[in-house]
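What follows is the residue order along each chain.
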Amino acid sequence: SIMEVARLLAANPPKRSVMFIALTAEEKGLVGSDYNARNPTVPAGGEVVANVNLDMPIVTWPFTDVVAFGGERSTMYPVVEAAAERAGLALTPDPQPEQGFFVRSDQYSYVKQGVPAVYLDLGWGNGGAEAQLAFQKDHYHKVSDEADLIDYDAMQRFTQVNYEIAKGVANMDERPRWKKGDFFGRIFGGPMEE
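Quick summary incoming for the structure in this document.

## Details of the packing of aromatic side chains
If you walk through the whole model with that rule in mind, you get 8 aromatic pairs. Note on Tyr108 and Phe188: the rings are 6.0 Å apart at their centroids and 80° apart in plane angle, and the pair reads as edge-to-face. One end of the pair, Tyr108, is in helix α4 (residues 107–111); the other, Phe188, is in helix α7 (residues 183–188), and 80 residues separate them in sequence. Given a relative accessible area of 26%, Phe188 falls into the partly exposed group. An aromatic cluster of at least three residues, connected via ring pairs, comprises Phe102, Tyr108, Phe183, Phe184 and Phe188. Sitting over the face of the ring of Phe63, Arg157 holds its NZ or CZ atom 5.6 Å from the ring centroid.

What follows is the structure in C-alpha cells.
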C-alpha cells in the first residue's frame, strides 16, 4: 500500500515534496518515528509540514467507512473529507476512543514536534467491528497473519484514499495548521489558525 501511494505520487508529482519513511519499533515506544521526527532527513532549509500516516490497515472485508485520527485537529481535514467522499466512504468517529490510538501510533512522534498529522484507519461499518476484532484475536502478531487474509479490492480502495489524502495535503495552498486552540497545537507548538 505504501509503495503504491509512492508510485502514484511519483507518476503525478504534487506541488510540495513528499517523503516516504518505513519506520520500525512502534510497539517498543514509537522508537523509529521518534528518532526521525527529532532528526528529520529533509534537505537543508526544508521542513516537515505534515504527517500522513499509513499504518497497519486490517483490510479483510469490503469496508464502507474510515476513521481519520487527528484529521479534525488541523486544516488537513477538508482534504480527508473530500478523499473519503470521492471513494464513497463515510467518515466516522473513533469507535474505541478509550484506546487512544492517535497518541499510540507513529504520527504522534511528529505531533510532539508540532507537525499536524492524520492517520486513516478503517471504521466499524459493514461488519468492520467483527472483522477487526477477529483479526486482532486470531492473527495479530501471529504466524497466521498471511497475505491471503487481505481483501485486495478493499486494499486498493484504501490505498487510493490514502494517495488522495497525501496528494491533497501536498497540494494545499498553505502549509497545514492546527485548528485554532487545538490541544496538541497549544502543547507542542507548530503553526495554528488565527
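## Some details on the side chain of Asn162
Residue placement: Asn162 occurs in helix α6 (residues 152–170). Residues within four places of Asn162 in sequence aside, it is in contact with Val5, Asn53, Leu54 and Leu120.

## Notes on the pairing of strand β4 (residues 117–122)
By the criterion of burial, β4 is predominantly enclosed, with 6 of the 6 residues buried. Side chains of β4 alternate between two faces, with Ala117, Tyr119 and Asp121 and Val118, Leu120 and Leu122 buried alike. One ladder, built from 3 bridges, connects strand β1 (residues 51–53) with β4; its direction is parallel. Bridge pairing in β4 links Val52 to Val118. Summarising the sheet, strand β2 (residues 65–69) and β4 pair through 4 bridges and their orientation is antiparallel.

## Re the nonpolar core
It is characteristic of soluble globular proteins that their nonpolar side chains tend to be buried jointly. Membership of the largest hydrophobic core comes to 28 residues, with the highest contact counts inside it found for Phe63, Leu120, Phe158 and Ile165. Those elements that provide at least two residues to this core are α1 (2–11), β2, α3 (77–86), β4 and α6. For this core, the leading source of residues is α6, giving 8 residues. In contact with Leu120, not counting residues within four places along its chain, are Asn53, Val66, Val67, Ala68, Phe158, Val161, Asn162 and Ile165.

About the thresholds
- Residues numbered from 1 in each chain as written.
- Predicted model: local features only at pLDDT ≥ 70, side-chain atom pairs only at ≥ 80, totals over all residues.
- Heavy atoms only, no water.
- Phe/Tyr/Trp six-rings, centres within 6.5 Å; stacked < 30°, edge-to-face > 60°.
- Helix = DSSP H or I, 4+ residues; strand = E, 2+ residues; numbered from the N terminus.
- Buried < 20%, exposed > 50% of the residue type's maximum accessible area, 1.4 Å probe, protein only.
- Lys NZ or Arg CZ within 6 Å of the ring centre and 35° of its normal.
- Contact = heavy atoms within 4.5 Å.
- Pairing = 2+ DSSP bridges.
- Core = buried A, V, L, I, M, F, W, Y, C linked by side-chain atoms within 4.5 Å.

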